[in-house]
Amino acid sequence: MRFIFKTDYAQDIQLAKHSGHVFWYSALMLLLLAAPWLFAEYWLAQLTLVLIYSIAGLGLMLLAGFTGLFSMGHAAFLGVGAYTHTVLTNMGVPFPIAIACAAGLSAAVGMVVGLPALRVKGIYLGIATLSFGFIVEEVLARWESVTGGNAGIHVKKPDIFGWVLDSGEQFYFLCLVITVAATLGILNLLRSPTGRAFVAIRDSEISAQSMGIHLAYYKTLSFAISAALAGVAGVAGALYAHNLQFISPDQFNILQSIDLLLMIVIGGVGSVHGAFLGAIFLISMPQAISMIKDYLPATIGQAPGLQGLVYGLVLIAFVLFEPMGLYGRWLKIRTYLQMFPFYRKGMFKRQKSFQKSDRLK
Amino acid sequence: MTNATLLSAKNLSVRFGGVLAVNNVSFDVKQGEVFTLIGPNGAGKTTVFNLISRIYTPATGEMAYLGPKGMLNLTEQPPQNVASLGIARTFQNIELFEHASVLHNLLIGRHTHRTTHLWQDLFFTAKVRETELKAREKAEEVIEFLNLQHYRDSFVAGLPYGVRKVVEMARALCTEPKLLLLDEPSSGLNVEETDDMAFWIQDIKHELGITVLMVEHDMTLVSKVSDRVLAMNQGEMLAMGTPREIQTDPGVIEAYLGSIDDVSSLRRKVNGDTDLEPSNARGAQA
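**Quick notes on the overall build of chain B**
Looking only at helices and strands, one finds 11 helices and 10 strands in chain B. Dimensions along the principal axes, computed over C-alpha positions, put chain B at roughly 85 × 40 × 40 Å. A burial count over chain B gives 42% of its 286 residues as buried. A separation of at least 24 residues holds for 65% of the contacts in chain B among residues at least 6 apart in sequence.

Structure representation (structure tokens):
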């Protein structure tokens, strides 16, 4: 067990709380930097996909996990980002400007979608964002002059002022840089007044308001940041299809939104780690399923909806047995190991919380 | 104690559907005093609090508040501005940020004192670091004032009720208020905790110089700390005065215990026609 002796308030606002953090996150960073030389091309591509999903996951985590606003149409922001970028680069706009525009337009759309969040909560907000997802998908399919309709649109390779990223390794590093920047940004927000305001809105709007937090501003802000990250992830996703170099509206449908939501719930709502663990889960699951497929009886193994079934079962299992997700489970395992052999069975028993005031709702 | 009026409410009324929750209530809170609202359930005490913190808008009447630039019309302020004007509150059923630590809760209380913008927060610039350290220092002052050192890093979801009450008061104090609204500070507390609460309210008044407006049922606590008491019933004002005056006021006693007429109408009739006098009623029971 590690005991941190605190002598300075600054210790509590450091990102790395102790030498263990410094060591492990440096090791992870080195591993990620060395990945192109360590892993085969296929696995590097999978790792890139994990990074892309993590960016979108971070955005949705900020919105759902830290501000308490669930979006069931988040794939639409991926779509807005991907299409904005593609249309702009096809017009000859350089990559960095195009990606900034994609993030900006996604954020603007996010603000508009955030408006109903000022009035509706919980499941109703879910329905509002869900229908927004359908609207965007439909617009992408029908606005043929710009988006190419259902036939899709060709995506150019990223061109950073003449330097074309055309190999898998270069694209991997691009995604790694964006992911690290996004993670640091989110971590900084969360340890500053802005992030605290988000958490306050999640836990009690009424007292957040009486602490002077402008609900409308922070809710819209959360939607904007979340949508901007999803937009960037959308750009990366569009570029990822580097063997196809092609995007179409059905890549940004409701199933994609549900995948994103599934990802943060399984990763652990309310933790930054959760976004990454969820992304790893989401990418590795199809691999795992195809690996065990051959060992199952043919009627089950070859059934068309097997992946959906497994996802559904895993989600139900997590909601029932581990609402804190993979990260919550990891925390328990870590505590068990740290305290061994003094771990008590009831340590993580969930407590019933006190009745909240319903007078003001 | 200065005698300047900090908050003045005039003819406040609120209607929820057919219920007149607050009817023509007027009072002045003077700087540096502890002003208490008492009354039976449904008297409209919490509604008055929600009017002051601008969660509700009064149907009629207005509130004036001594802000940083002199008297201002509180009725025109949006709810999120109330905290920066120096009005902080606690809630009857505790509205803490449950999935955050006590320290985190107190730092949210410092929100009105933030000086940095989104972009500075995003990069966690030196300025953010500096204001964060200042906020922490202030939070630590409050922690020390209310003896919360032991719970600093505990999550609110795991704290006992009595401690949560104190944490909520601490969070309100972190905003550095001029007027502190306490909604039933002693509800759910045991005798010892209530004594502590009385002690702290007196400290808040004398040491920090904060004016306190509270809703409270525990008359021992009320008479110990209050300078003036306003009794309400069914949304209307019954009486105003010192705790002692209020406790002997016939109207207040009637609101709490009922009048002799109420009792006589409920009294059992003997032989179907004659009401018994109180002395006879006792005899009949025996």
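Having seen it, we continue.
**Structural notes on the interface of chain B and chain A**
Residue-level contacts link 40 residues of chain B with 33 residues of chain A. For the side of chain B that touches chain A, the secondary structure elements donating two or more residues are helix 2 (102-108), helix 3 (118-123) and helix 4 (126-145) of chain B. In terms of residue count, the dominant contributor to the side of chain B that touches chain A is helix 4 of chain B (6 residues). Its residues assigned to classes, the side of chain B that touches chain A comprises 18 nonpolar, 13 polar and 9 charged.

**Structural notes on the sheet that holds strand 3 (residues 34-38) of chain B**
Residues and elements named next belong to chain B. Read from one edge to the other, the open sheet built from 6 strands follows the order 6-7-8-3-9-10, with strand pairing classed as mixed. A single partner strand is all that each edge strand has here, and the edge strands are strand 6 (87-89) and strand 10 (236-241). Between one strand axis and the next, the sheet turns by 15 degrees as a mean value, whatever way the strands run. With 4 bridges joining them, strand 3 and strand 8 (residues 211-215) adopt parallel strand pairing. Looking at the pairing, L37 lines up with V215 of strand 8.

**Description of the domain arrangement of chain B**
All names here are of chain B. According to the domain assignment, chain B consists of domain 1 (5-86 + 177-248) and domain 2 (96-170). Just the C-alpha atoms count here: the centres of domain 1 and domain 2 sit 25 Å apart. On the domain 2 side, the residues contacting the 8 residues of domain 1 number 6 residues. Partitioned by chemical class, the residues of the side of domain 1 that touches domain 2 number 5 nonpolar, 2 polar and 1 charged.

**Considerations on the pairing of strand 5 (residues 70-73) of chain B**
Residues and elements named next belong to chain B. The pairing of strand 4 (residues 60-67) with strand 5 spans 4 bridges and is antiparallel. Each bridged residue has a counterpart across the sheet, and for G67 the counterpart in strand 5 is G70. Between the antiparallel neighbours strand 4 and strand 5 lie 2 residues.

**Observations concerning the packing of helix 9 (residues 193-203) of chain A against helix 11 (residues 215-240) of chain A**
Residue and element names in this part refer to chain A. Interhelical geometry of helix 9 versus helix 11 gives an angle of 105 degrees and a closest axis separation of 10 Å. By the angle class used here, helix 9 and helix 11 are roughly perpendicular. When helix 9 is examined against helix 11, the residues A197, F198 and I201 are found in contact with a partner set consisting of L215, Y218, K219 and S222. Residue composition of the contact of helix 9 with helix 11, by class: 5 nonpolar, 1 polar and 1 charged.

**Some remarks on the environment of I55(A)**
All names here are of chain A. Locating I55 in the fold gives a position in helix 3 (residues 41-66). We classify I55 as buried; it has 26 C-beta atoms within 10 Å. Here the alpha-carbon distance between I55 and A75, two residues 20 residues apart in the chain, equals 13 Å. Ignoring any residue separated from it by four or fewer positions in sequence, one finds I55 in contact with I178, T179, A182, L229, V232, A233 and A236.

Conventions and cut-offs
Residues numbered from 1 in each chain as written. Chains lettered and ligands numbered in written order. Predicted model: local features only at pLDDT ≥ 70, side-chain atom pairs only at ≥ 80, totals over all residues. Helix = DSSP H or I, 4+ residues; strand = E, 2+ residues; numbered from the N terminus. Buried ≥ 20, exposed ≤ 12 C-beta atoms within 10 Å, placed from the backbone. Contact = placed C-beta atoms within 7 Å. Nonpolar A, V, L, I, M, F, W, Y, C, P; charged D, E, K, R; others polar. Pairing = 2+ DSSP bridges. Axes fitted to C-alpha atoms, helices over the stretch in contact; angles between N-to-C directions. Domains from an automatic or database assignment. Parallel < 35°, antiparallel > 145°, perpendicular 65-115°, else oblique.

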